[in-house]
Amino acid sequence: MSDPTEELVDVVDAQDRVIDTVTRGEVYRRRLTHRCATVLVRDAEGRVFTHRRAPWKLYAPGTYDVFVGGVVGAGESYADAAVREAEEELGVTGITVEPAFKFLFEEDGFGWFCDVYTATWTGSVAPQQSEIDWHVWLTDEEIAERLAAGEWRFVPDGLVAWHRYRELRGELG
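Just so it is clear, the structure is predicted and the values come from calculations on it, not from any experiment.

### Let's talk about the packing of aromatic side chains
- According to the stated counting rule, one finds 12 aromatic pairs in the structure shown.
- Between Tyr64 and Trp152, the ring centres sit 4.1 Å apart and the planes meet at 5°, which makes this aromatic pair stacked. Of this pair, Tyr64 sits in strand β5 (residues 64–65) while Trp152 sits in the loop between α3 (140–149) and α4 (156–168); the two residues are 88 residues apart in sequence, bridging distant segments of the chain.
- Looking at Trp152, the relative accessible area reads 15%, which means it is buried.
- Aromatic rings pair up to connect Tyr28, Tyr59, Phe105, Phe110 and Trp112 into one cluster.

### Here's the deal with the nonpolar core
- By size, the foremost hydrophobic cluster in this structure holds 29 residues, and its most contacted members are Val27, Leu40, Val66, Phe67, Phe103, Trp112 and Trp162.
- When residues of this core are traced back to their parent elements, those giving at least two are β1 (8–12), β3 (34–42), β7 (98–107), β8 (110–120) and α4.
- If you tally residues by element for this core, the top one is β8, at four residues.
- In this view, Trp112 contacts Thr33, His34, Cys36, Tyr59, Phe103, Leu104, Phe105 and Asp157; residues no more than four positions away in its chain are not counted.

### A word on the pattern of salt bridges
- Following the criterion strictly, the structure yields 15 salt bridges and no others.
- In this structure, Glu45 and Arg47 form a salt bridge, with 3.2 Å as the shortest nitrogen-oxygen distance.
- With a shortest N-O distance of 3.8 Å, Arg146 and Glu151 are connected by a salt bridge.
- When its relative accessible area of 48% is taken as the criterion, Glu151 is described as partly exposed.

Procedures and definitions
Residues numbered from 1 in each chain as written. Predicted model: local features only at pLDDT ≥ 70, side-chain atom pairs only at ≥ 80, totals over all residues. Heavy atoms only, no water. Phe/Tyr/Trp six-rings, centres within 6.5 Å; stacked < 30°, edge-to-face > 60°. Helix = DSSP H or I, 4+ residues; strand = E, 2+ residues; numbered from the N terminus. Buried < 20%, exposed > 50% of the residue type's maximum accessible area, 1.4 Å probe, protein only. Core = buried A, V, L, I, M, F, W, Y, C linked by side-chain atoms within 4.5 Å. Contact = heavy atoms within 4.5 Å. Salt bridge = Lys/Arg side-chain N within 4 Å of Asp/Glu carboxyl O.

Below, the structure written as structure tokens:
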């Protein structure tokens, strides 16, 4: 795989309109607003694919997440990025995603639009080792227990997305 810091990424304004294209490395160095696509994947039993991010990830290494996904490439649509990222990270082909919601995540003066999708995957998975360090399928209740206990450090944007997802479903965060 090529160096992810050299991938081209669209920079966007506060209305999510493309205003420039630069490398991912420059986006992180200059803290530019960009786009990400994330997918909450459930299995046939309704459990959520939950994983720990690899320790060498650019953002939030070694944290836990209930979404797979990543940065949207230059000129790529959110939906195409969601499918690409889910298939790459899960090691599958043929996944179908459904749009859920979009929000602007901001942290320490740095932000990105997160377009959130859902999917169901009933086959086996072979998670991408360059992205995912460990994985398990958990129920919503098991995730809530880990969050309440402070058992795991979750990736910040994924945690915000998880709470918004639960709120939109009429469930407690």
